[in-house]
Amino acid sequence: MTSYAEFHHRSLHDRDAFWAEQARLVDWHKPFTQVCDHSRPPFARWFVGGTTNLCHNAVDRHVPTRGGQNALIFVSTETDQERVYSFAELHAEVQRMAAILRELGVKKGDRVLVYMPMIPEAAFAMLACVRIGALHSVVFGGFASVSLASRIDDAEPLVVVSADAGSRGGKVVPYKPLLDEAIQLSKHKPKKVLMVDRGLAPFARTAGRDEDFAPLREKHLAAQVPCEWVEATHPSYTLYTSGTTGKPKGVQRDTGGYAVALAASMKHIFLGQPGETYFSTSDIGWVVGHSYIVYGPLIAGMATIMYEGLPIRPDAAIWWSLVEKYKVTSMFSAPTAVRVLKKQDPAALKKHDVSSLRALFLAGEPLDEPTAKWIADALGRPIIDNYWQTETGWPILTICNGVEKLPSKFGSPGKPVYGYDVRLIDENTGQELTGASQKGVVAIEGPLPPGCMQTVWRDDERFVKTYWSSIPGRQIYSTFDWGIRDDDGYLFILGRTDDVINVAGHRLGTREIEESISSHPNVAEVAVVGVADPLKGQVAMAFAVLKDPGQADTPEKALKLEGAIMKVVDEQLGAVARPSRVRFVTVLPKTRSGKLLRRAIQAVCEGRDPGDLTTIEDPGALQQVKDLVGAR
Ligand code: ATP
Ligand code: MG
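In every chain, residue numbers begin from 1 and rise along the written sequence. Following the order in which they are written, the chains are lettered starting with A and the ligands numbered starting with 1. The predicted origin of the model limits local features to residues at a pLDDT of at least 70 and limits the giving and counting of side-chain atom pairs to 80 or more, whereas totals for whole chains, interfaces and linings rest on all residues. As a rule here, side-chain values come from all non-hydrogen atoms in the structure, and water together with hydrogens is ignored.

Q: Outline the site of ligand 1, supporting the account with residue identities and numerical values.
A: Definition of nearness: a residue and a molecule or strand are near each other if at least one heavy atom of the residue lies within 4 Å of the molecule or strand. Taken together, 20 residues are adjacent to ligand 1, and G243, T244, T245, T390 and D481 come closest. Separating an oxygen atom of ligand 1 from a side-chain N or O atom of Q389 is a distance of 2.9 Å. Any N or O atom pair separated by 3.5 Å or less is treated as a polar contact, with the protein-specific requirement of one donor-capable and one acceptor-capable atom, and with residues adjacent in sequence counted only for side-chain atom pairs. D481 places a polar side-chain atom, nitrogen or oxygen, 2.5 Å from an oxygen atom of ligand 1. Note on residue categories: nonpolar means Ala, Val, Leu, Ile, Met, Phe, Trp, Tyr, Cys or Pro, charged means Asp, Glu, Lys or Arg, and polar means any other residue, Gly included. For the shell around ligand 1, a count of residues per class yields four nonpolar, nine polar and seven charged.

Q: So what's going on with unusual backbone geometry? Residues and values would help.
A: Note that the residue after R313, namely P314, is joined by a cis bond; omega there is 5°. The helix and strand labels rest on DSSP assignments: H or I over at least four residues marks a helix, E over at least two residues marks a strand, and numbering proceeds from the N terminus. For P314, the position within the fold is in the loop between β17 (303-308) and α12 (318-326). With an omega dihedral of -5°, the bond running from G446 to P447 counts as a cis peptide bond. For F480, which is not glycine, the phi torsion reads 65° and is therefore positive. Relative to the assigned elements, F480 resides in strand β26 (residues 477-485).

Q: Let's hear about empty space enclosed by the protein: which residues, and what values?
A: It is the rolling of a water-molecule-sized probe over the atoms that shows where space remains empty. Cavity means a closed set of points on a 1 Å grid over the protein atoms alone, one where a 1.4 Å probe fits but cannot get out, pocket means an open set with protein on both sides within 12 Å along at least 5 of 7 lines, and lining means a residue has an atom within 4 Å of a point. Grid points are joined across faces, edges and corners, and a volume is the space filled by probe spheres set on the points. Under the criterion given, the structure shown has six cavities of 30 Å³ or more. In this model, the largest cavity occupies a volume close to 210 Å³. Elements supplying a minimum of two residues to the lining of the largest cavity: α13 (335-342), α16 (510-518) and β30 (523-533). A class-by-class count of the residues in the lining of the largest cavity yields four nonpolar, two polar and nine charged. Of the volumes computed, that of the second largest cavity is approximately 120 Å³. Those elements that provide at least two residues to the lining of the second largest cavity are β2 (45-48) and α15 (460-468). For the lining of the second largest cavity, a count of residues per class yields 10 nonpolar, three polar and two charged.

Q: Describe α12, naming the residues involved and giving the relevant values.
A: Only protein chains enter the area calculation, which uses a 1.4 Å probe; residues under 20% of their type maximum are buried, those over 50% are exposed, and those in between are partly exposed. Taken as a whole, α12 has its buried residues at I318, W319, W320, L322, V323 and Y326. Within two residues after α12, K327 carries a phi angle of roughly 50°, on the positive side.

In structure tokens, the structure reads:
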């Protein structure tokens, strides 16, 4: 067995041979003639000359060998539905959807915007698009009309695929009025809207534009739509980043590189075997949903669970009951979801047999030690953190147990993943930091490995300017995250580069202060931001959600608790990191994907405009912050 260190080394220093080997994990219609074309940096073109198809790799190729096995398992605790599609059935459904899209005029290179709840038709639509060489642009179903309109204008879709409604916590959320309003607002007008009617919310139809899915599906029941063989470099989709730090960026992904990267990650990172079941609790509106609900597991010949509903409804055992029922071997979730479970009865996690699980993978946000320990204890299965971005499409840092079993370390997602030449860079000088315990920007030396973003959709200049020009004197990809390396080569993410606080010349990561505050037993969750201060340059300000709000329900009690929390920070990090205030809120402002909107909190604290809030989950949360600082 090769050691991980060798494996990683080879991926960088014998790059083409390494990736040519990984490329055997997928089917090619025409073999590639060049592994990587990096002649026009920072752009990289992978598997040049080869033709393939994502849908073929995810669906068709499995039909002869495992046509009867589970492919897509749909579970909705919102509508009490459970439906299992075999690979053969999925193949048929995708061809029906492809035939419909063709009838609506969709051709290779056209965009199809998917604005859908977590229902099987959403996956059919994605797979049907790539089947015929069209690009999907999935927009998270929870977004309101303004956010949707801006994405319609950016993607300029020929067709929008949508549904009457989603449902959240048992409450129907009609989509069609939001979609109609978005199309009113947008400059670009889609020609056709394909509507899946779930019978949840009656909706108005615009004659000549809106088509119902059900009758068209009937019409194309026996459809046979062959896969369009596209160049490996043909774009498969566009997808927007979460908008945590500003206006979301439209990430454009290729076909061949993405297929190879996902297939390899299923083997080396997620430990998935054909015939097994994968469960990612994300939403198809996010990159995790693209890579690890739809494409990754299916490419690996695994069944994938698509779950519509909350993690705590009907009760906090629902996910684990699915793990038991479908013998899930790999599960993928986010720290934010674990924190939701943490507020529930831990007995719920013991109700079901989760021994089939090889590991629970978590990503999307820093995994703080208390949360990691809590879930590891409650579940009794390995927890594996992984760090990546919408831009990269698959993990940058993690533990690749499929190559060599290495220990995890609390607070660290792990080591650089094969294919990623990760560097830590001093953001002022552009110098590389090679020693242990030096803080720097996490950056990736080009070319980015297969599967990463090709460019910003229709904006090569923004791609170069945003990602490759931010570090002085270096042409290197910036993640805009701040990290530190230990003696064993594990990286720790300290927060985003714009979340660094400079208190009287000391540079502090908001994450370090947050970690320290969350070790106080009454703190469930906390956000720390740097606020301009005439004396110190910046001071840290903390907003915490309490496990027991009763301990701060009078000004006196709140002050006492604030003092106790400050003492924790003093002891752990030193007085320099002590927040100037710790305020208590019932909920923190987050994006719909569950990320803390620190920049909005910071702006409000400094009396500035909070900027693009199109992805905010609950505007009331920001109001709480406003009320508190207004009352200062
Ligand atoms: P935007 O780029 O629009 O501001 P975003 O960065 O939140 O939004 P995503 O691509 O969804 O958009 O998130 C990637 C970011 O999430 C990473 O850059 C990092 O800050 C954070 N992140 C993801 N996984 C981890 C992890 N395991 N540990 C720490 N941080 C993580
Ligand atoms: Mg980002």
